[in-house]
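Coordinate inspection notes
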Amino acid sequence: MKLPSRPRRNRKSAPIRDFHRETWLHPSHLIYPVFIFDGDGRQPIPSMPGCDRLGRDALLEDVAKAYDQGIRSVVLFPAIAEHLKSSDGKEAKNPDGLVPETIRTLKKQWPDLLVVTDVALDPYSSDGHDGIVASDGRILNDETVEVLCGQALAQARAGADIISPSDMMDGRIGAIRTALDNEGFTEVSILAYTAKYASKFYGPFRDALDSAPKFGDKKTYQMDPANGREALRELALDEAEGADIVMVKPAGPYLDVIHRVRQATTLPVAAYQVSGEYAMLQGAVDNGWLEESAILESLIAIRRAGADIILTYFAPRVAAWLNED
Ligand code: PBG
């Protein structure tokens, strides 16, 4: 055949493929989400094979392993004892609660580790919602934002580097920025869950924290999976309110949203490969239905779509593979 153009020439050997590879994955791109509980040892999470809820020692052990592989950032998700949960989620503001205590421990051990904290009430809410629930079942926006500011301050006072609101209340980024600045925490960053969808892919996470909604769903605050433009509206607000990093969640099924957000902002973009994405991949690998390297492919696709930063439960394992190369 007489062909003027033969794309295969640019794929003929590893060095030539390396020449023009467009996307890389490096341990520095990854944030490691960890589940913590007030106690010792580890508790397996059945719907997330290979992930455990971590007690004090187990957390230090797993973070040390991740740190050794070049992971410099963790995000904390607490499993809160049932008796500490309430309708107003006030345990979220406790300066000696599980999260502030864990932040202090981690920062003491690894001062250069970026400790990211989740802001939302669901782990602390007896209703399993991210906000305060009114007697008629509505989620109260402005009242919730006030508690979230208290939660963010408790985390900042304990030494958190990045505050990450995942609740999807309106106006919380600006309110938290003001609350932080008023106390002198101008250097504490905000990673906003900008486009967080009402997704069934969070199921295993809610098993891990025992935090599923006791009634209803999260559709009045999290976004409709059918919508893309709405992500750009949330982006404009979060930028104007002072977000430092914006996030899309879930990641794999929402690559188009990552791409649109990437094109619309100059801020760093993060994407969260959530618990359900983890469960699908790990479950298939454990059954021998997929090769383990499919995990790397899922992450490179998220980077190609436009994410600078990826939150993934695979972080330490992937970092170890990348370091072997
Ligand atoms: C709650 C929160 C959720 C996740 C992160 N923060 C669950 C939810 O919104 O119900 C999900 C993460 C995952 O599935 O891995 N504020």
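Above this text you will find the structure in question.
No experiment lies behind these values; they were computed from the predicted model shown.

A few words on the pairing of strand β10 (residues 245–249). Within β10, five of the five residues are buried, leaving the element largely enclosed by the surrounding structure. Residues Ile245, Met247 and Lys249 line one face of β10 and the alternating positions Val246 and Val248 line the opposite face, and both faces are buried. As paired elements, strand β9 (residues 189–196) and β10 share five bridges and run parallel to each other. Residue pairing in the sheet places Ala195 in a bridge with Val248 of β10. In this sheet, strand β11 (residues 269–273) lies alongside β10 in parallel orientation, the contact comprising three bridges. Counted as the bridge partner of Val246 is Val269 from β11. What joins β10 to β11 is helix α8 (residues 255–264), and the crossover it makes is right-handed.

Time to look at the packing of aromatic side chains. If you walk through the whole model with that rule in mind, you get eleven aromatic pairs. A centroid spacing of 4.6 Å and a plane angle of 35° characterise the contact between Tyr278 and Phe314, whose relative ring orientation is tilted. With Tyr278 in helix α9 (residues 275–286) and Phe314 in the loop between β12 (309–312) and α11 (315–324), this pair connects stretches of sequence that are 36 residues apart. By relative accessible area, which is 0% here, Phe314 ends up buried. Here a set of aromatic residues connected by ring pairs shows up, and it is made of Phe35, Phe77, Tyr193, Phe205, Tyr272, Tyr278, Tyr313 and Phe314.

Take the site of the ligand next. In the vicinity of the ligand, 18 residues are found, and the nearest of them are Arg206, Lys218, Lys249, Ser275 and Tyr313. Gln222 places a side-chain nitrogen or oxygen 2.8 Å from an oxygen atom of the ligand. Burial of the ligand by the protein chains amounts to 100% of its free accessible area of 400 Å². Among the residues making up the shell around the ligand, the classes are represented as eight nonpolar, three polar and seven charged.

Now for the side chain of Ser164. Topologically, Ser164 is positioned in strand β8 (residues 162–165). At 3.1 Å, the side chain of Ser164 forms a polar contact with the backbone oxygen of Leu191. Aside from chain neighbours lying at most four places away, what touches Ser164 is Val116, Thr117, Asp118, Val119, Leu191 and Tyr193.

Counting buried residues in β11 gives five out of five residues, a clear majority hidden from the surface. The two faces of β11 match: Val269, Ala271 and Gln273 on one face and Ala270 and Tyr272 on the other face are all buried. One ladder, built from four bridges, connects β11 with β12; its direction is parallel. The partner of Gln273 across the bridge, within β12, is Thr312.

All right, on to the environment of Asp256 then. Looking at where Asp256 falls in the secondary structure, it is placed in helix α8. The exposure class of Asp256 is partly exposed, given its relative accessible area of 45%. Each C-alpha atom of the pair Asp256 and Glu91 lies 37 Å from the other, and the pair is 165 residues apart in sequence.

Now for the side chain of Asp238. Of note, Asp238 is situated in helix α7 (residues 229–241). Sequence-distant contacts of Asp238, defined by excluding residues within four places in its chain, comprise Arg172, Ile173, Ala192, Tyr193, Thr194 and Ala243.

Rules used in this analysis
Residues numbered from 1 in each chain as written. Predicted model: local features only at pLDDT ≥ 70, side-chain atom pairs only at ≥ 80, totals over all residues. Heavy atoms only, no water. Buried < 20%, exposed > 50% of the residue type's maximum accessible area, 1.4 Å probe, protein only. Helix = DSSP H or I, 4+ residues; strand = E, 2+ residues; numbered from the N terminus. Pairing = 2+ DSSP bridges. Right-handed = clockwise from strand over helix to strand, strands pointing away. Phe/Tyr/Trp six-rings, centres within 6.5 Å; stacked < 30°, edge-to-face > 60°. Near = heavy atom within 4 Å. Polar contact = N/O pair within 3.5 Å; in protein donor to acceptor, adjacent residues only side chain to side chain. Areas by Shrake-Rupley, 256 points an atom, 1.4 Å probe, with all protein chains shown as cover. Nonpolar A, V, L, I, M, F, W, Y, C, P; charged D, E, K, R; others polar. Contact = heavy atoms within 4.5 Å.

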